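Here's the letter readout for the chains.
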Amino acid sequence: MNSVLSIDDLSEDLEQILQWAITMKSDDEIAADFFPLMNMSIGSIYEKPSTRTRVSFEVGINKLGGNSLTLLKGDIQLGKSETIADTARVLSRYLDAMTYRCYSHSDVAELANNSKVPVINALSDKHHPCQAAADLMTIIEKKGMEKLKIAWVGDGNNVLHDLMLAASIFGFDITWAVPKGYEPDSEVVNRSEIIAEKTGSKLIETNDPVDAVKNADVIYTDVFVSMGEEHLDNKMNDFSGFQVNEELVSKAKEDYIFMHCLPAHRGEEVTDYVMDSKNSVVFDQAENRMWSQMSILTYLVNRPAWETYSQLLEINY
Ligand code: CP
Ligand code: NVA
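These lines cover the structure that appears in this document, whether it is placed above or below. This structure is a prediction, so every number in the text was calculated from the model and none was measured. Starting afresh in each chain, residues are numbered from 1 along the sequence in its written order. Chains and ligands are labelled sequentially in the order written, the chains with letters from A and the ligands with numbers from 1. Reporting of local features is limited, given that this is a predicted model, to residues whose pLDDT is at least 70; pairs of side-chain atoms are given and counted only at 80 or more, and all residues count toward the totals for whole chains, interfaces and linings. Side-chain measures here rest on the full set of heavy atoms in the structure, leaving out hydrogens and waters.

With respect to the sheet that holds strand 1 (residues 41-46)
- When DSSP finds two or more bridges between two strands, those strands count as paired. In this text, helices come from DSSP runs of H or I with a minimum length of four residues, and strands from runs of E with a minimum of two, each type numbered from the N-terminal end. Strand order across the open sheet formed by four strands is 2-1-3-4, with parallel pairing between neighbours. Looking along the sheet, the strands with just one partner apiece sit at the ends: strand 2 (67-72) and strand 4 (119-121). Each neighbouring strand pair of the sheet contributes to a mean axis angle of 20°, computed without reference to strand direction.
- The pairing of strand 1 with strand 2 spans six bridges and is classified as parallel. When the bridges of strand 2 are listed, isoleucine 45 appears paired with leucine 71.
- Note on definitions: a residue-residue contact is assigned when non-hydrogen atoms from the two residues lie within 4.5 Å. All axes are obtained by fitting lines to C-alpha atoms, using only the stretch in contact for helices, and the reported angles, taken between N-to-C directions, cover 0 to 180 degrees. Along the sheet face, helix 12 (residues 282-301) touches strand 1, strand 3 (97-101) and strand 4 and points at about 150° away from the line of strand 4.

Structural notes on the pattern of salt bridges
- Salt bridges are identified by distance alone: a Lys or Arg side-chain nitrogen within 4 Å of an Asp or Glu carboxyl oxygen. Inspection of every chain in the model, using the stated rule, returns 16 salt bridges.
- Between lysine 73 and glutamate 47 there is a salt bridge, and its shortest N-O distance comes to 3.3 Å. With lysine 73 in the loop between strand 2 and helix 4 (84-91) and glutamate 47 in the loop between strand 1 and helix 3 (52-63), this residue pair connects regions lying 26 residues apart in the sequence.
- The buried category is assigned to glutamate 47, whose relative accessible area is 16%.
- The closest approach of N and O atoms between glutamate 187 and lysine 126, which form a salt bridge, is 2.8 Å. Of this pair, glutamate 187 sits in helix 8 (residues 186-199) while lysine 126 is found in the loop between strand 4 and helix 6 (129-143), placing the two residues 61 residues apart along the sequence.
- The rule is simple: take the accessible area with a 1.4 Å probe, protein chains only, and divide by the maximum for that residue type; under 20% is buried, over 50% is exposed, in between is partly exposed. For glutamate 187, a relative accessible area of 33% translates into the label partly exposed.

Quick word on the packing of aromatic side chains
- Only rings of Phe, Tyr and Trp enter the pairing, Trp through its six-membered ring, and a pair is recorded when the two centres are within 6.5 Å. The plane angle decides the type: under 30 degrees is stacked, over 60 is edge-to-face, the rest tilted. Summed over the entire model, instances satisfying the criterion amount to seven aromatic pairs.
- Ring geometry for phenylalanine 170 versus phenylalanine 172: centroids 6.0 Å apart, planes at 20°, classification stacked. An identical accessibility class is assigned to phenylalanine 170 and phenylalanine 172; each is buried.
- Clustering of aromatic rings is evident, with ring pairs tying together Tyr182, Phe224, Phe239 and Phe242.
- For lysine 48, the ring lying beneath its charged end belongs to tyrosine 103, and the centroid distance is 4.7 Å.
- Consider the ring centre and the ring normal. A charge sits over the ring if Lys NZ or Arg CZ is within 6 Å of that centre and within 35 degrees of that normal. The ring of tyrosine 299 carries arginine 303 above its face, with NZ or CZ at 3.7 Å from the centroid.

Quick word on the sheet that holds strand 6 (residues 173-177)
- On the basis of which strands lie adjacent, the open sheet formed by five strands has the order 7-6-5-8-9 and parallel pairing. Edge positions in the open sheet fall to strand 7 (203-206) and strand 9 (257-260), since each of these has one partner strand only. Mean inter-strand twist for the sheet, computed between neighbouring axes without regard to direction, equals 20°.
- For strand 8 (residues 218-221) and strand 9, the ladder comprises four bridges, and the chain directions are parallel. By the bridge assignment, valine 218 is partnered in strand 9 with isoleucine 257.
- The sheet contacts of helix 6 involve strand 5 (149-153), strand 8 and strand 9, and relative to strand 9 the element is tilted by about 165°.

Describing the state of the cysteines
- Note that a disulfide, as used here, is simply two cysteine sulfur atoms within 2.5 Å. As enumerated under the stated definition, the model contains zero disulfides in all.
- Unpaired in this structure, cysteine 102 has its nearest cysteine sulfur neighbour in cysteine 130, at a distance of 12 Å.
- You can call cysteine 102 buried: its relative accessible area is 0%.
- There is no disulfide at cysteine 261, and the cysteine sulfur nearest it, in cysteine 130, is 13 Å away.
- Under the relative-accessibility criterion, cysteine 261 is labelled buried at 7%.

Quick look at the nonpolar core
- Ile174 and Trp176 are the most contacted members of the largest nonpolar core, which has 66 residues in total.
- A total of nine residues in this core trace back to one element, the largest contributor, which is helix 7 (residues 158-170).
- Setting aside residues no more than four positions away along its own chain, isoleucine 174 makes contact with Ile150, Leu160, Leu163, Met164, Ala167, Lys202, Leu203 and Ile204. To form a nonpolar core, buried Ala, Val, Leu, Ile, Met, Phe, Trp, Tyr and Cys residues must be joined to one another through side-chain atoms within 4.5 Å.

Considering the site of ligand 1
- What surrounds ligand 1 is the set Ser50, Thr51, Arg52, Thr53, Arg101, His128, Gln131, Cys261, Leu262 and Arg289.
- The side chain of serine 50 places a nitrogen or oxygen atom 2.6 Å from an oxygen atom of ligand 1.
- Side-chain polar atom of glutamine 131 to a nitrogen atom of ligand 1: 3.0 Å apart, as the coordinates give it.
- Look at ligand 1: alone it shows 260 Å² of surface, and the protein chains cover 96% of it.
- Points on a 1 Å grid, built from protein atoms alone, make a cavity when a 1.4 Å probe fits but cannot get out and make a pocket when they are open with protein on both sides within 12 Å along at least 5 of 7 lines; residues with an atom within 4 Å of a point are the lining residues. Here the criterion for a molecule occupying a pocket or cavity is that more than half of its atoms lie within 2 Å of the pocket grid points. Judged by its atoms lying within 2 Å of the grid points, ligand 1 is housed in the largest pocket.
- Under the scheme applied here, ten amino acids are nonpolar (Ala, Val, Leu, Ile, Met, Phe, Trp, Tyr, Cys and Pro), four are charged (Asp, Glu, Lys and Arg), and all others, including Gly, are polar. Considered class by class, the residues forming the shell around ligand 1 number two nonpolar, five polar and three charged. Nearness here has a simple test: a residue counts as near a molecule or strand if at least one of its heavy atoms is within 4 Å of that partner. We call two N or O atoms a polar contact when they sit within 3.5 Å, provided that within protein one can donate a hydrogen and the other can accept it, with sequence-adjacent residues counted only if both atoms are side-chain atoms. Note on areas: Shrake-Rupley with a 1.4 Å probe; residue coverage comes only from the protein chains shown.

As for helix 12
- Between its first and last C-alpha, helix 12 extends 29 Å over 20 residues, near the 28 Å set by a 1.5 Å rise per residue.
- The buried fraction of helix 12 amounts to 16 of the 20 residues, a majority that puts the element mostly inside the structure. Expected helix span is computed as 1.5 Å times (number of residues minus one).

By themselves, these observations are geometric and do not establish any function.
The following block contains the structure:
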């Protein structure tokens, strides 16, 4: 049983997982032909709200012939008194895989440690692997696999953590501009650096957004205040100068792409000008959540089908 708590749990086969996602997207019939999740049930537990993750998992599971159950924490015993470990032991008897969106990363790790079926982290305070899979799929679609510079401007948060790990796996350079005190988790940076040593990625931290976006192929931002941080009243004030706006993007390459995991807080971390510009790929990125998760689920719960796909890819590419 393989769980996906962060994107580096998929590092070995990530490129093929994303190539298969790109193939499915280009030919909807392929997924329908295979139905690799036929007779399988996938349960998704949510402690926090979600638009993209919830809908893209539900629709993607349907497209693959599986049955999707959405379990809101307030509606199941987990939200009352049952432990995470017991919930994992029980749900493993019914389900073929689970996804879990939670506050504390240790909770999704506990679910995975006690589950007999694969658990996918659908966002925790530390990691958002499904987002990074869609992000890299989008970058590959738009820019190819040549060496690229990714610039992150904003908070050193869960989305940056998996983007940095994924960029390192693919050998892309990434510079993150964060205000002092909002640096990414040093354990994740260390893990990324170990991967980067093998792939040749350059990982750079700065406090200057202009430094980060200079010559960038990709500019990425996320909300300054993540879910669960709403009580940090003054956090917003520390991000003045970190908005991605017309002036900042003028320092990037002319054909840069703008990315955001969404939901965006227009007027805070990004302006309408950038969100709605021709460089913005945010809605393609949101769509890619579905295709990349379909490929990840197949990889986790029906490896023979996924291996057949890989052979098809080898013939076609
Ligand atoms: N990007 C993302 O995870 O969006 P949702 O919170 O809507 O799922
Ligand atoms: N960093 C954000 C991402 C939302 C998809 C959060 O955790 O709320």
